[in-house]
Amino acid sequence: MVYQSHDTIAAIATPIGVGGISVIRISGPAAFNMADAVFRGSAAAKDSVSHSIHYGSVVDPVSRETIDTILLSVFRNPNSYTGEDIVELSSHGGYYVSQKILLLLYHMGARPAEPGEFTLRAFLNGKLDLAQAEAVADIIHSKTERAHKASVEQLSGKLSAIVKDLREEILNICSLLELELDFSQEGIALTDKNTVVEKLLRVEKSVNNLSASYREGKIIKEGIRVALVGKPNAGKSSLLNVLLMEERAIVSEIAGTTRDTIEESILLDGVEFVFNDTAGLRESIDTLELEGIKRTSRAIEGADVILLLLDGSLNHSPEDLNFYNDLIEKYRNSKSILWLINKSDIKTKFVNPLGIDNPIWISCKTHEGINALKKRLLETSLPHYDSAAASVTITSGRHRDALEKASLSIGSARKTIEGGLGGDFAAVDLRGALNYLGEIIGITTPDDILNNIFSNFCIGK
Ligand SMILES: Nc1nc2c(ncn2[C@@H]2O[C@H](COP(=O)(O)OP(=O)(O)OP(=O)(O)O)[C@@H](O)[C@H]2O)c(=O)[nH]1
Ligand SMILES: [Mg+2]
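The rules behind the values
- Residues numbered from 1 in each chain as written.
- Chains lettered and ligands numbered in written order.
- Predicted model: local features only at pLDDT ≥ 70, side-chain atom pairs only at ≥ 80, totals over all residues.
- Domains from an automatic or database assignment.
- Pairing = 2+ DSSP bridges.
- Helix = DSSP H or I, 4+ residues; strand = E, 2+ residues; numbered from the N terminus.
- Contact = placed C-beta atoms within 7 Å.
- Axes fitted to C-alpha atoms, helices over the stretch in contact; angles between N-to-C directions.
- Near = placed C-beta within 6 Å.
- Buried ≥ 20, exposed ≤ 12 C-beta atoms within 10 Å, placed from the backbone.
- Core = buried A, V, L, I, M, F, W, Y, C linked by C-beta atoms within 7 Å.

Draft legend 1. Just the domain arrangement of the chain, in detail. The domain boundaries assigned to the chain delineate domain 1 (9–129), domain 2 (145–213 + 390–442) and domain 3 (221–381). Put simply, the middle of domain 1 and the middle of domain 2, counted by C-alpha atoms, are 43 Å apart.

Pasting the structure below:
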């Protein structure tokens, strides 16, 4: 990304395609001049007051051809999204018109905006801090009410305020330690060691609570990934269809029907569950089926929850179920695993060869047990998280990493003080903690991280 803000950038801010309107956004010192070069209307942008809208046309200055009738909005610096002069041209939606207007603006000297560059400029001009800028992308991408709420809260600056308070507390402790250093040569112990340790413990706990809120935050933002796993014909695709309430996956009595993994989501209690229907697991020599089974392994690897399906109308021998055992061995500590015994509508005597604990009996035919399954999914997946412990929920892995590093540094400073070692060592750790916390709100964030964050935005945002 180009970190320069002396030039003027332009991009289409609305999705490309047919729609009611398209918005072309221009930001930078030449925004008004560039807009005026193509706009014929009641007033020129450069003579208009901020936050005013004008009706007119976009005319190609060379061919004099009228491209579209539009509305032109003027935002004068610093009272705009980026903090610079901004013009927004609302044209009719469509593939051609907005592209054509954008090309005219390029001819007038506008540079195509990089992804997220408007928001980057807002950040660099102090309109938003980094956590707030990230929240802008989160709002755009939020698919559920909870995800939306968390991102709006972050955009409002709640997380930033908490992080700033934590930094403030650490700075206060640093000053205490520094005072002590100044006076210690004269043999005066200014601060009581226990007071400093207590203060550090308090900050450490707040940082840890905030970091722990990510367990819930990750679910809010990314949903819960569930892999439907089992032998061919167990009813995995049937279950996916029942959960989606549509015939999404092919179901057949032929073992080995599903080859590719199929991913679809549903909302349960406002939480997104992303289900992955997979190829049935068995020994096979069919190359396509083997590729499917490879994909099953990848889906399992990426899942938070594994639903192990068994056909309850069959009696399975323990050998038959070896791969179920292997999966349980491998993932028992890292993922939630639920046992489902399907086809409860067929009355056969099911032998429980693995001594399966607490299975859920379901029928994809009669839908028996499906509500119980949904309930268990919610219970097992949602963390038993004390939402009162942290007053805000973080939803970014980057924030969690920074908080964890900050917590380690604070802990290390605390141990140094407890061990009666010099306050100067502790001060170095506390500077580290200040930097890590600063990375969350963009005070001390390295350029490559900034680059990475903004390059994941859409163009025009
Ligand atoms: N009676 C009864 N039949 C079921 C039930 N669930 C699935 N079936 C039948 O079992 C067969 C296999 O179902 P699928 O959903 O294709 O099984 P799968 O696990 O996706 O199989 P593969 O894709 O081959 O791995 C089909 O004939 C389904 O109609 C059920 O609850 N009751
Ligand atoms: Mg299938």
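Text resumes after the structure shown.
Draft legend 2. Structural view of the sheet that holds strand β7 (residues 111–112). The mixed open sheet is built from 7 strands, whose spatial order is β3-β4-β5-β6-β2-β1-β7. Only two strands of the sheet have a single partner each, and these edge strands are β3 (39–41) and β7. Each of β1 (9–12), β2 (21–27), β4 (52–59), β5 (66–75), β6 (86–92) and β7 touches helix α2 (residues 95–107); the most contacted strand, β2, lies at about 15° to it.

Draft legend 3. Layout of the site of ligand 1. Near ligand 1 lie 24 residues; those nearest to it are Gly235, Ser237, Ser238, Thr258 and Gly280. Looking at which element gives the most residues to the shell around ligand 1, the answer is helix α9 (residues 236–244), with 3 residues.

Draft legend 4. The environment of phenylalanine 457, seen in detail. Relative to the helices and strands, phenylalanine 457 resides in the segment after α15 (447–455). Its 21 C-beta neighbours within 10 Å are what place phenylalanine 457 among the buried residues. Between the C-alpha atoms of phenylalanine 457 and proline 115, which are 342 residues apart in sequence, the distance is 5.3 Å. When near neighbours in sequence (up to four residues on either side) are disregarded, phenylalanine 457 contacts Pro115, Gly116, Thr119 and Ala137.

Draft legend 5. Molecular detail of the nonpolar core. Membership of the largest hydrophobic core comes to 70 residues, with the highest contact counts inside it found for Ala10, Ile26, Ala35, Val87, Leu105 and Leu437. Residue contributions to this core peak at 9 residues, all from helix α14 (residues 423–441). Setting aside residues no more than four positions away along its own chain, valine 87 makes contact with Ile26, Ala31, Phe32, Ala35, Ala45, Leu72, Ser73 and Val74. In terms of nonpolar packing, the next biggest core, distinct from the first, is built from 34 residues, Ala150, Leu281, Leu308 and Ile341 among them.

Draft legend 6. Main features of the environment of leucine 309. Along the chain, leucine 309 turns up in strand β11 (residues 305–311). When the 25 C-beta atoms within 10 Å are taken as the criterion, leucine 309 is described as buried. Along the backbone, leucine 309 and lysine 100 are 209 residues apart, and their C-alpha atoms lie at a distance of 55 Å. With residues up to four places along the chain from it excluded, the contact list for leucine 309 reads Leu228, Val229, Gly230, Ala234, Gly235, Lys236, Leu239, Leu340 and Asn342.

Draft legend 7. Region of interest: the sheet that holds strand β10 (residues 271–277). Taken together, the 6 strands give an open sheet; going across it, the order is β9-β10-β8-β11-β12-β13, and neighbouring strands pair in mixed fashion. Looking at strand neighbours, the two that pair on one side only are β9 (262–268) and β13 (360–361), the edges of this open sheet. Where strand β8 (residues 224–230) lies against β11, 5 bridges are found, and the strand directions are parallel. By the bridge assignment, leucine 228 is partnered in β11 with leucine 307.

Draft legend 8. Here's a closer look at the pairing of β9. In the sheet, β9 pairs with β10 via 7 bridges, with the strands oriented antiparallel. Each bridged residue has a counterpart across the sheet, and for serine 265 the counterpart in β10 is valine 274.

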